[in-house]
Amino acid sequence: MRDTLLMALYAFAGAAASGLAGAAVLRLIRRRSLTASLTVVAAVGVVAMLSGTLAVAWAMFLSPHDLSVVTTVVAMAAVVSLATALLLGRWVVARSHELALAARSFGDGGTFAAPDGPATAELDALGRELAATSARLAESRERERALETSRRELVAWISHDLRTPLAGLRAMSEALEDGVAADPGRYLRQMRTEVERLNDMVGDLFELSRIHAGTLPLSPSRISLYDLVGDALAGVDPLAREHGVRLVGDRVEPVPVEVDGKEMSRVLGNLLVNAIRRTPSDGTVAVAAERTGEGVLLSVTDGCGGIPEEDLPRVFDTGWRGSDARTPPAGAGLGLAIVRGIVEAHEGRATVRNIPGGCRFEVTLPAAP
């Protein structure tokens, strides 16, 4: 028993010395290739076995012949271990290099394609993660291009929308100043209309800038959708009468919601005004509200005849108008973008889909507890 303990002690001492030396070498070459680290690990294993064997052999006073036999066996094992470590290291390094080249391609704006051939589980998992990241980057680039296109269109359209009333105001003010206005009262009323239009446009731009900056202030309170829809319908009733459009709101459930009343009134107002202006005379604009499994669903249905399928994904984009017209009632293309921003600020979702004869805008909000 005592001899066994002594042999174990000598073997452990020799192996521990080799392990400490190997750890020191690994620390020194930690920034080098993985091949070098694998070689050191293989060498540590062989040297640890050799040093332990030699320590035990010295303690047991083995003959020189027996000692040479043991040393030869360990040396052959060392050669095989080192060769295996080098082959494994070169294979892993080659796979890592291929993965780095593939990753560089989607970093430069391309797409990631994982290298063919077998790989370790870790490299395979890294490849799948890079492929997922590449897909997200592609979506982000596409979304950024769409937003940039919307911004450019918005700048062009807003510039036109601002110049048109300003030019009219200038012409009417010059006519009044020169005393050549045939009906000064009509000119003043028209000037006030244009000023109000400019004021609304600037207000929409300010609201949209706060939404995009994430600084839209909200003061949520518990409100019944029945009251919210009733107030909105009353507000747009004169416009509906002017366009000969019938308003229907008899499918509104008194469902409570936690929202900012002022901002949600703006959402409903924008949706209703948009629906009334797009619905022909003798048409109908219907509002409905109900509780669903996802929360509260508020919908506005019009008779616009439908939106082209290719335009449906852009309906809520900044600057989208649905037509090339730049005169009233086309607007500046900000109303629906503001709708989506306010709804998302309430942790809701705004969507649109075509129905027979028109389209249906749907706003989903979290139900009040």
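In the annotation of an unreviewed UniProt entry, the entry for the protein reads Sensor-like histidine kinase SenX3, and the organism field reads Streptomyces sp. 900105245. On record in UniProt, under Catalytic activity (unreviewed entry), the comment for the protein is "ATP + protein L-histidine = ADP + protein N-phospho-L-histidine." Of the protein, the UniProt comment under Subcellular location (unreviewed entry) reads exactly: "Cell membrane".

The next point concerns the overall build of the protein. Looking only at helices and strands, the protein features eight helices and seven strands. Considering the protein as a whole, with its 369 residues, one finds that 33% of them fall into the buried category. The long-range fraction of contacts in the protein, counting pairs at least 24 apart against all pairs at least 6 apart in sequence, stands at 70%.

Moving on to the pairing of strand S5 (residues 295-301). Counting buried positions along S5 yields seven of seven residues, so the element is predominantly enclosed. Note: strand S4 (residues 284-292) against S5, seven bridges, orientation antiparallel. Bridge assignment links Arg291 to a residue of S5, and that residue is Val296. The turn joining S4 and S5, which pair antiparallel and follow one another in sequence, is formed by two residues.

Counted under the stated rule, the structure contains six salt bridges. As a salt-bridge pair, Asp237 and Arg241 come within 2.7 Å of each other at their nearest N and O atoms. With Asp237 and Arg241 both in helix H6 (residues 225-243), this residue pair falls four residues apart, about one helical turn. Overall, the relative accessible area of 27% leaves Asp237 in the partly exposed class. Each of the salt bridges in this network shares a partner with another, and the network as a whole consists of Arg353, Arg360 and Glu362.

What follows covers the packing of aromatic side chains. Taken as a whole and assessed by the stated rule, the structure comprises one aromatic pair. Note on Phe316 and Phe361: the rings are 6.0 Å apart at their centroids and 85° apart in plane angle, and the pair reads as edge-to-face. Placement of Phe316 in the loop between S5 and helix H8 (335-345) and of Phe361 in strand S7 (residues 358-365) is noted, with a sequence separation of 45 residues between them. Owing to a relative accessible area of 8%, Phe316 belongs among the buried residues under this scheme.

Taken together, the five strands give an open sheet; going across it, the order is S2-S4-S5-S7-S6, and neighbouring strands pair in mixed fashion. Single-partner strands in this sheet number two, and they are strand S2 (246-252) and strand S6 (349-355). If you compare each strand with its neighbour and ignore which way they point, the axes differ by 15° on average. As paired strands, S5 and S7 are joined by six bridges and run antiparallel to one another. The residue of S7 that forms the bridge with Leu298 is Val363. Sitting on the sheet, H6 touches S2, S4 and S5, and the angle it makes with S2 is about 175°. Contacting S6 and S7, H8 runs over the sheet at an angle of about 25° to S7.

Turning our attention to the environment of Leu198. The topology assignment puts Leu198 in helix H5 (residues 184-213). As for Leu198 and Pro165, which are separated by 33 residues in sequence, their C-alpha atoms are 7.5 Å apart. Apart from the residues within four sequence positions on either side, Leu198 is in contact with Leu162, Pro165, Leu166 and Leu169.

Our focus in this paragraph is the pairing of S6. Two strands pair when backbone bridges link them, and S6 and S7 are joined in this way by seven bridges, in the antiparallel orientation. Bridge pairing in S7 places Arg349 opposite Thr364. The turn joining S6 and S7, which pair antiparallel and follow one another in sequence, is formed by two residues; a positive phi near 90° is taken by Gly357.

Before going further, it helps to spend a moment on the nonpolar core. Inside soluble globular proteins, nonpolar side chains tend to come together where they are buried. Residues Val267, Leu271, Leu272, Val315, Phe316, Val352 and Phe361 are the most contacted members of the largest nonpolar core, which totals 49 residues. If near-sequence neighbours (up to four positions away) are discounted, Val352 is found in contact with Ile307, Leu312, Val315, Phe316, Cys359, Arg360 and Phe361. Among the nonpolar cores identified, the runner-up in size contains seven residues, and Leu169, Met172, Ala175 and Ala181 belong to it.

In a pair of packed helices, the angle between the axes and the distance between the axes together describe the arrangement. As a packed pair, H6 and helix H7 (residues 261-278) sit with axes 9 Å apart at the nearest point and diverge in direction by 30°. Judged by the angle between their axes, H6 and H7 are roughly parallel. When the axes of H6 and H7 are compared, the crossing they make is right-handed. On the side of H6, the interface is formed by Leu228, Val229, Ala232, Leu233, Val236, Leu239, Ala240 and His243, while H7 contributes Gly261, Met264, Ser265, Leu268, Leu272, Val273, Ile276 and Arg277. Of the residues that constitute the contact of H6 with H7, the class distribution is 12 nonpolar, three polar and one charged.

Thresholds applied
- Residues numbered from 1 in each chain as written.
- Predicted model: local features only at pLDDT ≥ 70, side-chain atom pairs only at ≥ 80, totals over all residues.
- Heavy atoms only, no water.
- UniProt positions renumbered as here; feature names shortened; annotations may be inferred.
- Helix = DSSP H or I, 4+ residues; strand = E, 2+ residues; numbered from the N terminus.
- Buried < 20%, exposed > 50% of the residue type's maximum accessible area, 1.4 Å probe, protein only.
- Contact = heavy atoms within 4.5 Å.
- Pairing = 2+ DSSP bridges.
- Salt bridge = Lys/Arg side-chain N within 4 Å of Asp/Glu carboxyl O.
- Phe/Tyr/Trp six-rings, centres within 6.5 Å; stacked < 30°, edge-to-face > 60°.
- Axes fitted to C-alpha atoms, helices over the stretch in contact; angles between N-to-C directions.
- Core = buried A, V, L, I, M, F, W, Y, C linked by side-chain atoms within 4.5 Å.
- Parallel < 35°, antiparallel > 145°, perpendicular 65-115°, else oblique.
- Left-handed = near helix turned anticlockwise from the far one by under 90°.
- Nonpolar A, V, L, I, M, F, W, Y, C, P; charged D, E, K, R; others polar.

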